[in-house]
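# Per-entry structural report
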Amino acid sequence: MITIRKLGVEASFSGQELADLQRQFQENHFVRLPNLIDRALLEELYSQITTAHWENRVHDGIGIEVCLKDAGLVALMNFLLNDQELFQIIQKITGCQTIGCFQGRVYRMIPSAGHYDSWHTDFGEDRLLALSLNLGKEPYQGGALQIQRNNAAGLPIEAPNIQFGHAVLFRLSAELKHRVTKVEGDIPKTAFAGWFKSSPDLWSELTELSQLSQAQSAS
Amino acid sequence: MEKWPTDSRFQVTANTLVKSFDDKIALAHMQTKRFHLLNPTATRIWKSVSSGSSLVELKQQIRQEFDVDPEQLSASIDQILTTLNSENFIEIRS
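In this text the structure is predicted, and so the values were computed from the model without any measurement. (Residues numbered from 1 in each chain as written. Chains lettered and ligands numbered in written order. Predicted model: local features only at pLDDT ≥ 70, side-chain atom pairs only at ≥ 80, totals over all residues.)

### Notes on the overall build of chain A
- Across its full length, chain A holds 5 helices and 15 strands.
- In chain A, once contacts between residues fewer than 6 apart in sequence are set aside, the share between residues at least 24 apart is 81%. (Helix = DSSP H or I, 4+ residues; strand = E, 2+ residues; numbered from the N terminus. Contact = placed C-beta atoms within 7 Å.)

### Some words on the sheet that holds strand β3 (residues 24–29) of chain B
- Spatial strand order, β2-β3-β4 (chain B): 3 strands in an open sheet with antiparallel pairing. Both outer strands of the open sheet, β2 (16–21) and β4 (35–37) of chain B, are each paired with one neighbouring strand and no more. Sheet twist, expressed as the mean angle between neighbouring strand axes with direction ignored, is 15°.
- In terms of strand pairing, β3(B) meets β4(B) through 3 bridges, oriented antiparallel. In the strand pairing of β4(B), Ala26(B) is matched with Leu37(B).
- Against the sheet, helix α3 (residues 71–81) of chain A touches β2, β3 and β4 of chain B, its axis set at about 40° to β2(B). (Pairing = 2+ DSSP bridges. Axes fitted to C-alpha atoms, helices over the stretch in contact; angles between N-to-C directions.)

### Points about the interface of chain B and chain A
- Of the residues lining the interface, 14 residues belong to chain B; the matching set on chain A comes to 22 residues.
- Contributions of two or more residues to the side of chain B that touches chain A are made by β2, β3 and β4 of chain B.
- Sort the elements by how many residues they give to the side of chain B that touches chain A and β2(B) lands first, with 6 residues.

### Concerning the environment of Ile77(B)
All names here are of chain B.
- Residue placement: isoleucine 77 occurs in helix α3 (residues 70–86).
- Along the chain, isoleucine 77 and threonine 41 lie 36 residues apart, while their C-alpha atoms are 8.3 Å from each other.
- What isoleucine 77 contacts, discounting residues up to four positions off in sequence, is Ile45, Leu58, Lys59 and Ile62.

### Re the confidence of the model for chain B
All names here are of chain B.
- A residue-level look at chain B finds 98% of positions with pLDDT of 70 or above and a mean pLDDT of 91.
- At the low end of the mean pLDDT range in chain B sits helix α2 (residues 55–65), at 90; at the high end sits β3, at 96.
- Taken together, the chains of this predicted complex give a pTM of 0.94 and an interface ipTM of 0.91. (pLDDT = per-residue confidence, 0-100.)

### Some details on the sheet that holds strand β10 (residues 145–149) of chain A
Residue and element names in this part refer to chain A.
- Pairing within the open sheet is antiparallel, and its 3 strands lie in the order β11-β10-β13. Unpaired on one side and paired on the other, β11 (157–159) and β13 (176–180) mark the two borders of the sheet. The average angle at which neighbouring strand axes cross in this sheet is 25°, direction not considered.
- Relative to β11, β10 runs antiparallel, the two being bridged by 3 bridges. From the neighbouring strand, leucine 145 faces β11, where its bridge partner is alanine 159.

### Quick word on the environment of Val12(B)
Residues and elements named next belong to chain B.
- Along the chain, valine 12 turns up in strand β1 (residues 10–12).
- Residue valine 12 is classed as partly exposed on the basis of its C-beta count, with 19 C-beta atoms lying within 10 Å.
- Along the backbone, valine 12 and asparagine 88 are 76 residues apart, and their C-alpha atoms lie at a distance of 8.6 Å.
- Once residues within four sequence positions are removed from consideration, valine 12 is found in contact with Ser50, Phe89 and Ile90. (Buried ≥ 20, exposed ≤ 12 C-beta atoms within 10 Å, placed from the backbone.)

### Focus on the nonpolar core
Residue and element names in this part refer to chain A.
- Within the largest apolar cluster, 71 residues are counted, with the highest numbers of intra-cluster contacts made by Leu129 and Leu169.
- Sort the elements by how many residues they give to this core and α3 lands first, with 7 residues.
- Discounting residues that sit within four places of it in the chain, leucine 169 has contacts with Phe30, Val31, Leu33, Ile90, Leu129 and Leu131. (Core = buried A, V, L, I, M, F, W, Y, C linked by C-beta atoms within 7 Å.)

### Description of the packing of helix α1 (residues 40–50) of chain B against α2(B)
All names here are of chain B.
- Orientation of α1 relative to α2, taken along the N-to-C sense of each, is 145°, at an axis distance of 10 Å. Between α1 and α2 lies a crossing of right-handed hand. Contact residues: Arg44, Ile45, Ser48 and Val49 in α1; Leu58, Gln61, Ile62 and Glu65 in α2. (Left-handed = near helix turned anticlockwise from the far one by under 90°.)

### A closer look at the pairing of strand β5 (residues 63–68) of chain A
Residue and element names in this part refer to chain A.
- Bridge count for strand β4 (residues 54–59) against β5 is 6 bridges, and the pairing is antiparallel. Counterpart to valine 58 in the pairing with β5 is isoleucine 64.
- Counted along the chain from β4 to the antiparallel partner β5, the turn is 3 residues long, and its residue glycine 61 has a positive phi close to 75°.
- Pairing of β5 with strand β7 (residues 116–117), which is carried by 2 bridges, proceeds in the antiparallel orientation. Residue pairing for β7: isoleucine 64 is matched across the bridge by tyrosine 116.

### With respect to unusual backbone geometry
Residues and elements named next belong to chain A.
- Between serine 199 and proline 200 the backbone carries a cis peptide bond, its omega angle lying at 5°.
- Examined against the element boundaries, proline 200 turns out to sit in the loop between β15 (189–197) and α5 (202–218).
- Even without being glycine, histidine 29 reaches a positive phi, approximately 70°.
- Its place among the elements puts histidine 29 in the loop between α1 (15–28) and β3 (30–33).
- If you check the backbone angles, glutamate 125 has positive phi at about 50° while not being a glycine.
- For glutamate 125, the location among the structural elements is in the loop between β7 and β8 (127–134).

Printed below as a string of structure tokens:
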């Protein structure tokens, strides 16, 4: 169990639980991290997200979505994930190289709005792993993460994540592609998603977030 | 700059997010969304403040660690506490 709190990260695993997570990641290329952010803290962030503005974002050749426009709020979310202890735990689970930082965005896929995601790898630019944290309280239909080996036949591995505050951590590799399936029904999918990267380092990333927040306050 | 009573004790406000690593500390505020990266002196002060030391205890502790003029050090501490308080990262414990 990993919990991100206001004053830091708490983690408690038995040897067996850690071994199970390591095995799941090796076999399926993803693990679930339930209740990754402390519930009271998540509720505070959620209340800010519900009143924030969104803007269209086109990922060339990959997909279309809307992204949270409030740079300060996104910086806060990124601040929470940029934690040395969290990085060390994730390195233990996945066996990845040293994590320098986390960079994420809050996105929403709205049914019937033409939003979609296509197969892509996200590999490169120092990216090691990806994480998607569900920020929706109502269960959405579709919108599942799928992972598949490039050029592989057969069904992809599917990692649905409809519980509020639960996260999916998954592997990035030149040999693996992933996508989010179309969101159906009436409920949009809202998630905080991003990459754990080997570079820049943590202090550089926090400095960047600090500068972003100063620019936002000045504007 | 605020002149704090020597028996003042501070606490971290409920809106403060803290990251500690490699002897460095970064702060973020949930409402103002302002960030603060602490320098070594401010980091030392933060550790004393968050462990519940009073202002007089804090100044005694830091005086033993930093070889600088006591008056200058005291003024620096007051300045840092004033900044942290005005940014709502800390508040006087009631």
